[in-house]
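Now for the letters of each chain:
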Amino acid sequence: NMKTRQFNLWSVAAALLFATLAGTVNAGEVSAAVAANLTLPAQQIATLFEKETGNTVKFSFGSTGKFYSQIKEGAPFDVLLAADEKTPKLMEQEGLGVANTRFVYALGKLVLWSAKSGFVDDKGAVLSKGSYNKLSYADPKLAPYGLAAEETLQKLNLWDKVQSKLVTGESITQAYQFAATGNAELAFIALSQITKDGKVTEGSWWIVPADYYAPIKQAAILLTAAKDKTAAQAFLTFLKSEKATAIIRSYGYGLP
């Protein structure tokens, strides 16, 4: 019957239209403040999250310390993925973060890196024996990886000796760029920045022994000011999923 068929087509079209509208209403946007060391994995995780949930993620990448100041001043972020555990804890105490939403999602690893192959030896002896003019690192006051670099240099009794060679980046991304462009022969960066599919493919590097610096426990937290708490919480839950942790591991992080 022609009429029934037409009616069926109409109801299908109406159902599709309704589903599209409902989908748009349900799809949230998560505004995420993310520590610079996590730039590549976070983008990969977001792609999967968007596919699975229809929610989108808008990222800002930078240093944990800078995000802390911005969020304190009312910057409109929903979640913070920090490079330490201290900042999210502090935010929870100050009421900027939601209690009981904080968790460690990755364990960071510090690496001494040079864009030149063969420049860094596997013991890091280049720091004391090699000839180099510039060593870049991230600002220890803003970036947990910068603090780990400072702790490492203290442990090696080189902190005072290298003062004239230090170039300070605002974040770990800047520290990497100084070395990638050859403006600094050496850089203390995150292993994740030079790791792809579990392998380091460029330059030369020394993975700093874990006992040279305090553990880099990277924690995430839901922010009190989050506009779309449901989408933001969904993103944090996804960060703990097997799919997300597999990506995190492939960039050289340890898992809690």
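Everything numeric here is computed off the predicted structure, so don't read it as measured data.

Conventions adopted
Residues numbered from 1 in each chain as written. Predicted model: local features only at pLDDT ≥ 70, side-chain atom pairs only at ≥ 80, totals over all residues. Heavy atoms only, no water. Helix = DSSP H or I, 4+ residues; strand = E, 2+ residues; numbered from the N terminus. Buried < 20%, exposed > 50% of the residue type's maximum accessible area, 1.4 Å probe, protein only. Areas by Shrake-Rupley, 256 points an atom, 1.4 Å probe, with all protein chains shown as cover. Axes fitted to C-alpha atoms, helices over the stretch in contact; angles between N-to-C directions. Parallel < 35°, antiparallel > 145°, perpendicular 65-115°, else oblique. Left-handed = near helix turned anticlockwise from the far one by under 90°. Contact = heavy atoms within 4.5 Å. Nonpolar A, V, L, I, M, F, W, Y, C, P; charged D, E, K, R; others polar. Pairing = 2+ DSSP bridges. Polar contact = N/O pair within 3.5 Å; in protein donor to acceptor, adjacent residues only side chain to side chain.

**Describing the overall build of the protein**
For the protein, the count of helices and strands is nine helices and 12 strands. Across the 256 residues that make up the protein, the buried fraction comes to 46%. With the model as given, the accessible surface of the protein reaches about 12900 Å², and the carbon-plus-sulfur share is 56%.

**Points about the packing of helix α2 (residues 39-53) against helix α8 (residues 229-239)**
Packing of α2 against α8 leaves a shortest axis separation of 11 Å and a crossing angle of 120°. Between α2 and α8, the interaxial angle falls into the category oblique. Regarding α2 and α8, the two cross each other, and that crossing is right-handed. Contacts between α2 and α8 involve Ile45, Leu48, Phe49 and Glu52 from the former and Ala231, Ala234, Phe235, Phe238 and Leu239 from the latter. When the residues that make up the contact of α2 with α8 are grouped by side-chain class, the tally is eight nonpolar, no polar and one charged.

**So, the sheet that holds strand β12 (residues 216-222)**
Strands in a sheet are paired, the pairing made by backbone hydrogen bonds, and the direction either parallel or antiparallel. Taken in spatial order, the five strands make up an open sheet running β2-β1-β3-β12-β4, and their pairing is mixed. Each edge of the sheet is formed by a strand with only one pairing partner; in this case those strands are β2 (56-62) and β4 (103-108). Going from strand to strand, the sheet's axes swing by 20° on average, the running direction of each strand aside. In the sheet, strand β1 (residues 29-35) pairs with β2 via seven bridges, with the strands oriented parallel. Bridge pairing in β2 places alanine 32 opposite phenylalanine 59. With respect to the sheet, α2 is in contact with β1 and β2, its orientation differing from that of β2 by roughly 170°.

**A closer look at the environment of serine 192**
Mapped onto the fold, serine 192 is located in the loop between β8 (186-190) and β9 (195-196). A relative accessible area of 3% means that serine 192 is categorised as buried. In this structure, the C-alpha to C-alpha distance between serine 192 and glycine 108, residues 84 residues apart in sequence, is 8.1 Å. Those residues in contact with serine 192, other than ones at most four positions away along the chain, are Asn37, Tyr251 and Tyr253. In terms of polar contacts, serine 192 uses its side chain to reach the side chain of tyrosine 253, at 2.9 Å.

**Some thoughts on the environment of proline 144**
As for its placement among the helices and strands, proline 144 is situated in helix α6 (residues 144-155). Overall, proline 144 belongs to the buried group, its relative accessible area being 15%. Along the chain, proline 144 and threonine 87 lie 57 residues apart, while their C-alpha atoms are 9.8 Å from each other. Once you skip the residues sitting within four places of it in the chain, proline 144 turns out to touch Thr64, Ala83 and Asp84.

**Some remarks on the pairing of strand β11 (residues 204-207)**
Covered by surrounding structure in β11 are Ser204 and Trp206 only, the residues Trp205 and Ile207 on the alternate face being uncovered. Here strand β5 (residues 110-114) runs beside β11; their pairing, made up of four bridges, is antiparallel. Paired with tryptophan 113 across the strands is tryptophan 205, a residue of β11.

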